[in-house]
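# A structural walkthrough
Residues per chain, in single letters:
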There are 2 protein chains.
Amino acid sequence: MAGFLERLPELPVLAQVEPGEVLAQLPSEPPEQGEPFSAVLEDLERIILPGLTHWNHPRFFAYFPTTASEPGILAEMLIAALNVNAMLWRSSPAGTELEELALGWIRQLLGLPQDWFGHIEDTASTSTLSALAAAREAGAGRRAVLCSEEAHSSVAKACRLLELELRTIPVDDDFRMRVDRLAEELTRGDVCAVVATLGTTSTTSVDPLPEIGPLCKEHGAWLHVDAAYAGSAAVCPEFRWALAGVELADSFIVNAHKWLFTPMDCSCLFTARPDDLRAAFSLVPEYLRTPEDALNLMEYGPALGRRMRALKLWAVLRWYGREGLQNNIRTSVRLAGLVEELVRADDRFELCAPRPFSTICFRLLGTDEANEALLERINSSGTAFLSHTRLKDRYVIRWAIANARTTDEDIRLTWQAIEQAIAELAVGDQSG
Amino acid sequence: MAGFLERLPELPVLAQVEPGEVLAQLPSEPPEQGEPFSAVLEDLERIILPGLTHWNHPRFFAYFPTTASEPGILAEMLIAALNVNAMLWRSSPAGTELEELALGWIRQLLGLPQDWFGHIEDTASTSTLSALAAAREAGAGRRAVLCSEEAHSSVAKACRLLELELRTIPVDDDFRMRVDRLAEELTRGDVCAVVATLGTTSTTSVDPLPEIGPLCKEHGAWLHVDAAYAGSAAVCPEFRWALAGVELADSFIVNAHKWLFTPMDCSCLFTARPDDLRAAFSLVPEYLRTPEDALNLMEYGPALGRRMRALKLWAVLRWYGREGLQNNIRTSVRLAGLVEELVRADDRFELCAPRPFSTICFRLLGTDEANEALLERINSSGTAFLSHTRLKDRYVIRWAIANARTTDEDIRLTWQAIEQAIAELAVGDQSG
């Protein structure tokens with residue numbers, strides 16, 4: 001494992017394979033007799049690793065990068081060895097209480113209200129689904145959900161599953177929810193929930209929570225705050241501004257597996273209204289009744305089975321400490337500043353959105369096709385993996401930085417790969 | 001990790017702590033500076049392990065036991081080190097294709113229809129939720145779901161989230177869905193799905209699928225088969241009878257983390273109608289569009305983020321091979337046979353349900369209170385952990401066997417603990 005992490009920077013980030021290529025190399029029939037684990041490791045090395053896009057690579061800059069830190073990886077092995085199911089307090093007393101404790105630490109580290117109840121779901125999709133299920137339950141028949149047009153697709157997915165009507169609110173020039181339009185929509189009287197995003201997926205824009213919160217209170221709408229990525233930045237005092245107004249939220253998510261160096265998956269869901277969350281999910285059949293009066297975490301989300309994810313979060317938070325987390329968040333933001341400077345200094349490019357944290361949206365001056373071709377060329381080089389979005393109806397390249405192992409040298413190498421891709425495509429001249 | 005597994009049999013199965021006891025021993029504030037991982041391991045040893053109920057213990061006989069086998073544990077560490085998110089083919093080519101491959105192996109090992117599409121969800125709760133979401137989508141406005149009164153609570157939980165009307169069908173004396181009553185309910189014309197259970201949670205009874213399937217076809221209802229536990233038994237030809245009629249199912253789940261020696265979580269969801277599943281969940285925002293025409297697994301379930309669970313399933317299936325899986329399933333069933341014999345031979349006890357697989361339902365002849373007291377006494381001894389259910393309105397003790405490390409000696413030790421608990425409670429005389 002340590003060896004793999006060491007040579008990871010030398011591997012191509014994006015898998016250099018075609019669909020079906022991995023499958024074709026592996027036996028389609030299960031073995032009759034058992035094989036040693038070394039056979040698995042051999043195939044892993046020979047077939048699987050070259051067929052993977054390496055999320056833990058320091059030059060993975062697509063979507064939102066993640067980090068599986070060493071303490072997180074070791075803790076995952078311990079979680080598997082213990083194989084605890086933290087569904088009931090009785091089925092996992094220390095698992096349940098460690099989850100309370102670790103979420104309490106997150107509350108303190110991010111400066112969240114200290115009376116919020118927190119627990120872990122797998123992903124932001126599930127956390128948002130859970131929060132909106134509670135909002136529907138508490139909504140007295142109101143069935144509309146509002147979010148900005150820049151909100152994450154998981155909001156739409158949850159609404160589809162819950163059969164809630166999703167209406168999107170336009171954004172301002174900086175991609176933040178327009179509060180005047182939110183206020184209008186709220187007056188229709190059918191809104192059970194508003195989802196505000198702190199750190200949208202495309203540009204990491206921050207919806208104006210201090211204005212949104214009071215409007216939600218006034219209209220009795222559940223305020224769900226999706227801070228899956230940017231919430232972690234609040235570990236640093238200089239980024240606390242992004243959470244201003246959070247005390248009026250009814251629910252709040254931050255993904256420790258995004259920018260808190262914890263392996264997938266670990267989404268922290270907080271709520272000021274745990275009873276409403278419980279009302280949406282609690283269902284205790286006879287075979288799960290226990291004599292204790294204790295916290296049974298299965299009552300707060302859709303899944304019954306719950307891995308002991310708290311162990312890895314706790315291990316990671318201890319290994320880094322507040323200082324270590326701050327240092328790493330600051331490094332991501334500093335490196336993003338370098339990228340922003342490179343883009344600004346180069347008149348072949350334009351910046352396409354403000355950069356509040358560590359994600360840069362930029363494009364080549366030129367056609368969408370040229371930008372798409374450039375991105376594909378960079379990615380297929382294997383040097384770095386970036387992704388794209390669409391802003392103001394234009395194709396935009398996204399460069400997101402959050403992996404704890406990313407260094408200045410990785411930025412330099414990636415910029416070099418961009419230069420080279422432009423040269424190869426000879427798109428620089430056409431568009432300059 | 002190896003050392004822990006070795007001394008696991010010596011640890012109490014059920015945690016010997018009171019609510020709050022673990023929390024009270026740990027600092028409630030996060031550390032400012034980082035700590036070495038050894039500090040985590042120390043607290044794990046001193047505070048966490050004694051506060052855990054040990055699911056991987058060979059005398060964990062509650063709910064459904066699970067096994068984190070060695071290859072599964074090592075694979076979990078690799079999964080964390082790779083930290084791949086198998087949401088899109090592009091984001092994880094080998095992860096996506098390994099998932100296809102491993103699910104294909106499960107199809108072959110269990111004798112499921114070879115044209116079914118399979119993918120992995122975290123738990124049976126999510127798999128059933130996904131299947132019923134697809135059934136609702138395909139149901140043309142019909143909103144009722146039918147299952148037996150012995151079906152798992154996850155069916156009710158999914159129906160609550162999906163706002164489907166759940167109607168339960170009574171069971172026969174052997175706890176199997178009554179087909180005459182099912183036929184009656186289906187004639188009401190409002191049914192979008194029927195959930196049949198192969199291996200119910202309380203008694204592991206098997207609903208009569210060969211009769212249920214044709215009724216569902218006749219009435220156009222989606223047939224979802226919950227074989228989360230007992231499906232694995234079909235690795236052995238002598239238990240294939242339990243899957244008779246499965247070819248008419250629209251969706252089918254088996255949990256590899258239950259009786260296929262894979263660490264939590266790994267629920268295999270198969271469907272004969274992948275397009276309907278995709279219709280219920282597919283939603284591709286711009287930032288997730290990719291140039292390839294390839295399988296994107298995020299389109300088949302509620303979560304966007306997806307750990308590379310296929311790696312552990314593949315590693316476990318290779319390590320055991322078909323023979324190893326069969327041997328271990330057969331051992332569980334053989335040991336359950338020993339328990340059944342012990343119960344039958346002892347006139348203080350009665351068996352409360354047939355035993356098709358490896359779960360025994362029995363009770364002391366006597367009051368519910370006596371049985372409850374007995375169970376609490378056994379569990380608090382730390383020797384073994386059993387759970388309970390309610391059958392025909394009586395409190396019944398459940399002894400489920402599925403851990404690959406359970407031996408004859410574990411059965412003997414547990415029976416001894418039962419004898420001793422009876423002696424201590426002196427309930428044997430009152431009820432004999």
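This write-up is about the structure you can find in this document. (Residues numbered from 1 in each chain as written. Chains lettered and ligands numbered in written order. Predicted model: local features only at pLDDT ≥ 70, side-chain atom pairs only at ≥ 80, totals over all residues. Heavy atoms only, no water.)

In this section: the overall build of chain A. Scanning chain A from N- to C-terminus turns up 15 helices and 12 strands. The globule rule puts the C-alpha radius of gyration for 432 residues at 22 Å, and the 23 Å found for chain A is close to it. Here the C-alpha coordinates of chain A stretch approximately 65 × 65 × 45 Å along the principal axes. A burial count over chain A gives 67% of its 432 residues as buried. Counting contacts in chain A only where the partners sit at least 6 residues apart, residues at least 24 apart contribute 72% of the total. Put simply, chain A shows about 13,600 Å² of open surface, and 49% of that area lies on carbon and sulfur atoms. (Helix = DSSP H or I, 4+ residues; strand = E, 2+ residues; numbered from the N terminus. Rg over C-alpha atoms; globule rule 2.2 N^0.38 Å. Buried < 20%, exposed > 50% of the residue type's maximum accessible area, 1.4 Å probe, protein only. Contact = heavy atoms within 4.5 Å. Areas by Shrake-Rupley, 256 points an atom, 1.4 Å probe, with all protein chains shown as cover.)

With that settled, consider the sheet that holds strand β5 (residues 191-197) of chain A. Residue and element names in this part refer to chain A. Taken in spatial order, the 7 strands line up as β2-β8-β7-β6-β5-β3-β4 in an open sheet, and their pairing is mixed. Since the sheet does not close on itself, it has two edges, and those belong to β2 (117-121) and β4 (165-169), each with one partner. In this sheet, neighbouring strand axes are inclined to one another by 20° on average, regardless of whether the strands run parallel or antiparallel. The pairing of β5 with strand β6 (residues 222-226) spans 5 bridges and is classified as parallel. From the neighbouring strand, Ala193 faces β6, where its bridge partner is Trp222. (Pairing = 2+ DSSP bridges. Axes fitted to C-alpha atoms, helices over the stretch in contact; angles between N-to-C directions.)

Moving on, we get to the interface of chain A and chain B. Interface size is commonly expressed as the accessible area that is lost once the parts come together. With 132 residues of chain A at the interface, the matching set in chain B holds 132 residues. Viewed at the interface, chain B and chain A are joined by 18 salt bridges. A salt bridge links B:Arg307 to A:Glu76; its shortest N-O distance comes to 3.8 Å. Taken together, the connections running from chain A to chain B amount to 66 residue pairs in polar contact (both at pLDDT 80 or more). Along the lines of polarity and charge, the residues of the side of chain A that touches chain B split into 73 nonpolar, 31 polar and 28 charged. (Salt bridge = Lys/Arg side-chain N within 4 Å of Asp/Glu carboxyl O. Polar contact = N/O pair within 3.5 Å; in protein donor to acceptor, adjacent residues only side chain to side chain. Nonpolar A, V, L, I, M, F, W, Y, C, P; charged D, E, K, R; others polar.)

Once chain A has been moved 0.0 Å along the axis and rotated by 180°, it coincides with chain B to within an RMSD of 0.0 Å. Both copies of the chain, as the preceding transformation shows, are related through a two-fold rotation axis. Taking the C-alpha atom as reference, chain A places A:Met77 closest to the rotation axis, 2.4 Å from it. A shared binding surface is used by both copies, with 100% of the interface residues of chain A retained as interface residues in chain B. (Least-squares fit on C-alpha atoms with pLDDT ≥ 70 in both.)

Another aspect to go through is the sheet that holds strand β11 (residues 394-400) of chain B. All names here are of chain B. If you trace the 4 strands from one edge of the open sheet to the other, you get β8-β9-β11-β10, paired in antiparallel fashion. Only two strands of the sheet have a single partner each, and these edge strands are β8 (349-351) and β10 (387-391). For this sheet the average axis-to-axis angle between neighbouring strands, irrespective of direction, equals 40°. Strand direction decides the pairing type here: strand β9 (residues 359-364) and β11, joined by 4 bridges, are antiparallel. The residue bridging Ile360 from the neighbouring strand is Trp399, located in β11. Against the sheet, helix α13 (residues 368-381) makes contact with β8, β9, β10 and β11, and its axis sits at roughly 30° relative to β11, the strand it touches most. Sitting on the sheet, helix α14 (residues 408-425) is in contact with β8, β9 and β11, with an inclination near 150° to β11.

Residue and element names in this part refer to chain A. With respect to the helices and strands, His119 occurs in strand β2. Given a relative accessible area of 0%, His119 falls into the buried group. Within polar-contact distance, the side chain of His119 engages the backbone oxygen of Tyr300 at 3.4 Å.

Inspection of every chain in the model, using the stated rule, returns 39 aromatic pairs over all chains. A centroid spacing of 4.7 Å and a plane angle of 40° characterise the contact between A:Phe117 and A:Tyr300, whose relative ring orientation is tilted. Of this pair, A:Phe117 sits in strand β2 while A:Tyr300 sits in the loop between α11 (274-281) and α12 (310-344); the two residues are 183 residues apart in sequence, bridging distant segments of the chain. For A:Phe117, a relative accessible area of 14% puts it in the buried group. Plain terms: the ring middles of B:Phe252 and B:Phe270 are 6.4 Å apart, the flat faces sit at 50° to each other, and that makes the pair tilted. Taken together, the residues B:Phe252 in strand β6 (residues 251-255) and B:Phe270 in strand β7 (residues 267-271) connect sequence positions 18 residues apart. Neither B:Phe252 nor B:Phe270 differs from the other in exposure class; each is buried. Members of the aromatic cluster, joined through ring pairs, are A:Phe64, A:Tyr229, A:Phe239, A:Trp241, A:Trp259 and A:Phe357. (Phe/Tyr/Trp six-rings, centres within 6.5 Å; stacked < 30°, edge-to-face > 60°.)

Next up on the list: the packing of helix α8 (residues 179-186) of chain A against helix α9 (residues 209-219) of chain A. Residues and elements named next belong to chain A. Their axes nearest at 11 Å, the elements α8 and α9 cross at an angle of 5°. In terms of orientation, α8 and α9 fall into the roughly parallel class. Residue-level contacts link Val179, Leu182, Ala183 and Leu186 of α8 to Glu211, Ile212, Leu215, Cys216 and His219 of α9. Looking at the contact of α8 with α9 residue by residue, the classes come out as 7 nonpolar, 1 polar and 1 charged. (Parallel < 35°, antiparallel > 145°, perpendicular 65-115°, else oblique.)

Let us now look at α8(A). Residue and element names in this part refer to chain A. Where α8 is concerned, the buried positions are Val179, Leu182, Glu185 and Leu186. Along α8, the residues classed as buried sweep out an arc of 120° about the axis, all on the same side. If you follow the buried residues of α8, they end up packed against β3 (144-148), β4, β5 and α9. (Arc of directions from axis to C-beta.)

With that settled, consider the packing of helix α4 (residues 70-82) of chain B against helix α12 (residues 310-344) of chain B. Residues and elements named next belong to chain B. Contact pair α4 / α12: the axes reach a minimum separation of 8 Å and the direction vectors enclose 150°. The orientation of α4 relative to α12 falls into the category roughly antiparallel. By crossing handedness, the relation of α4 to α12 is classed as right-handed. Residues Glu70, Pro71, Gly72, Ala75, Glu76, Leu78, Ile79 and Leu82 of α4 lie in contact with α12, whose contacting residues are Leu311, Lys312, Ala315, Val316 and Trp319. Of the residues belonging to the contact of α4 with α12, the class tally is 9 nonpolar, 1 polar and 3 charged. (Left-handed = near helix turned anticlockwise from the far one by under 90°.)

Once that is clear, we can look at the nonpolar core. In this structure, A:Val194, A:Phe252, B:Val194 and B:Phe252 are the most contacted members of the largest nonpolar core, which totals 208 residues. Contact partners of B:Phe252, with chain neighbours within four places excluded, come to B:Leu112, B:Trp116, B:Leu198, B:His224, B:Val225, B:Ala227, B:Leu243, B:Val246, B:Cys268, B:Leu269 and B:Phe270. Judged by nonpolar contacts, the second largest core, of 59 residues, contains A:Ala135, A:Ala151, B:Ala158 and B:Cys159. (Core = buried A, V, L, I, M, F, W, Y, C linked by side-chain atoms within 4.5 Å.)

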